[in-house]
Amino acid sequence: MSLVIGLTGGIASGKSTVSNMFKEMGITVIDADIEARLAVEKGEPAYNKIIESFGSDILLSNKEIDRQKLGLIIFHHEEKRQLLNEIVHPEVRKRMRQQMEAAVSKQEQIVVLDIPLLFESKLTYMVEKTILVYVDREVQLQRLMERNHLTIDEAEARIHSQMPLAEKVTLADAVLNNNGTPFETKTQLLDVLAKWEVNL
Ligand code: ADP
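Just so it is clear, the structure is predicted and the values come from calculations on it, not from any experiment.

Draft legend 1. Broad picture of the pairing of strand β1 (residues 3–8). Extensive coverage of β1 is indicated by the burial of six of its six residues. Because side chains alternate across β1, one face comprises the buried residues Leu3, Ile5 and Leu7, and the other comprises Val4, Gly6 and Thr8, equally buried. In this structure, β1 lies alongside strand β3 (residues 110–114), joined through five bridges in parallel fashion. Paired with glycine 6 across the strands is leucine 113, a residue of β3.

Structure below.
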């Protein structure tokens, strides 16, 4: 049986960095953000449902969904955000489950589900173990400002809108402290996998 791991973090905590470490080890990583984009492409089941609910005004000239426009609508209307989630989330879960099953059937030792909102969206039931990529708030702020070219106020607002990493620490099976170098984080990752008896 494959071990299904849920990987999560907070904005700029280093989740993508750790996700790449898994990929470099040849481990299948299923990315929830990518699946969410693919799930609303023209011809997918969610595509028609979104047009039925939000109207064809949210289409671009090439008939793809204008994700920016949709984003703006749901940012201002909570009930529309919920409606969109009700359409998209089951499709994203279905897509992730299909890929997970493909990896399991190939008898891969581990499969990683990279899910930014793993705890907030209560998706832990999909995985057996959870890994949180943690950084201190100051490090998070600094790395976010640098990566996204944000002012301190903009970066603080983004961090503040999320569940605090300190709270996620209490929910995760394993925590990787990413305050140090990527090498130090990789060492912690290998330790966790060894503890879970994954032979790479
Ligand atoms: P996330 O996917 O959680 O938003 P990223 O993996 O993109 O975070 O990391 C955020 C930023 O911090 C990126 O610019 C990345 O290159 C950098 N970074 C990540 N881990 C480290 C580290 N251990 N040391 C220095 N910089 C890092």
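Having seen the structure, we can now continue with the description.
Draft legend 2. Just the site of the ligand, in detail. Near the ligand, the surroundings consist of 14 residues, among which Ala12, Lys15, Ser16, Thr17 and Arg147 are the closest. Within the backbone of alanine 12, an N or O atom sits 2.8 Å from an oxygen atom of the ligand. Out of a free accessible area of 560 Å², the ligand has 73% covered by protein chains. Those elements that provide at least two residues to the shell around the ligand are α1 (15–24) and α6 (137–148). Looking at the shell around the ligand element by element, the count peaks at three residues for α1. The residue inventory of the shell around the ligand, partitioned by class, reads three nonpolar, eight polar and three charged.

Draft legend 3. Local environment of the pattern of salt bridges. With the rule as written, the count across this model stands at seven salt bridges. Measuring nitrogen to oxygen at the nearest pair gives 2.7 Å for the salt bridge that ties aspartate 114 to lysine 15. Of this pair, aspartate 114 sits in strand β3 while lysine 15 sits in helix α1, placing them 99 residues apart in sequence. Across the pair, lysine 15 and aspartate 114 agree in class, each one buried. Here glutamate 108 and lysine 106 are joined by a salt bridge, their closest N and O atoms 3.7 Å apart. The exposure class of lysine 106 is exposed, given its relative accessible area of 61%. Through salt bridges with shared partners, a single ionic network connects Glu35, Glu44 and Arg95.

Draft legend 4. Just the domain arrangement of the protein chain, in detail. Splitting the protein chain by domain gives domain 1 (1–27 + 109–195) and domain 2 (37–107). Taking only C-alpha atoms, the centre of domain 1 and the centre of domain 2 are 24 Å apart. For the pair domain 1 and domain 2, the two sides together bury roughly 750 Å², of which 76% comes from carbon and sulfur. At the junction of domain 1 and domain 2, the tally comes to zero salt bridges. In this structure, the connection of domain 1 to domain 2 is made through one residue pair in polar contact (both at pLDDT 80 or more). It is β3 that contributes the most residues to the side of domain 1 that touches domain 2, three residues altogether. Of the residues in the side of domain 1 that touches domain 2, the class split is eight nonpolar, two polar and one charged.

Draft legend 5. Just α6, in detail. Spanning 12 residues, α6 covers 16 Å between terminal C-alpha atoms, matching the ideal 16 Å at 1.5 Å per step. Along α6, the residues that are buried comprise Gln140, Leu141 and Leu144. In a view along the axis of α6, the buried residues occupy a sector of 100°, so they form one face of it. Summarising the geometry of α6, the exposed residues directed more than 90 degrees from the buried face are Glu138 and Glu146. Taken together, the buried residues of α6 touch α7 (152–160) and α8 (165–169).

Procedures and definitions
Residues numbered from 1 in each chain as written. Predicted model: local features only at pLDDT ≥ 70, side-chain atom pairs only at ≥ 80, totals over all residues. Heavy atoms only, no water. Buried < 20%, exposed > 50% of the residue type's maximum accessible area, 1.4 Å probe, protein only. Helix = DSSP H or I, 4+ residues; strand = E, 2+ residues; numbered from the N terminus. Pairing = 2+ DSSP bridges. Near = heavy atom within 4 Å. Polar contact = N/O pair within 3.5 Å; in protein donor to acceptor, adjacent residues only side chain to side chain. Areas by Shrake-Rupley, 256 points an atom, 1.4 Å probe, with all protein chains shown as cover. Nonpolar A, V, L, I, M, F, W, Y, C, P; charged D, E, K, R; others polar. Salt bridge = Lys/Arg side-chain N within 4 Å of Asp/Glu carboxyl O. Domains from an automatic or database assignment. Buried area = accessible area lost by both parts, 1.4 Å probe. Expected span 1.5 Å × (residues − 1). Arc of directions from axis to C-beta. Contact = heavy atoms within 4.5 Å.

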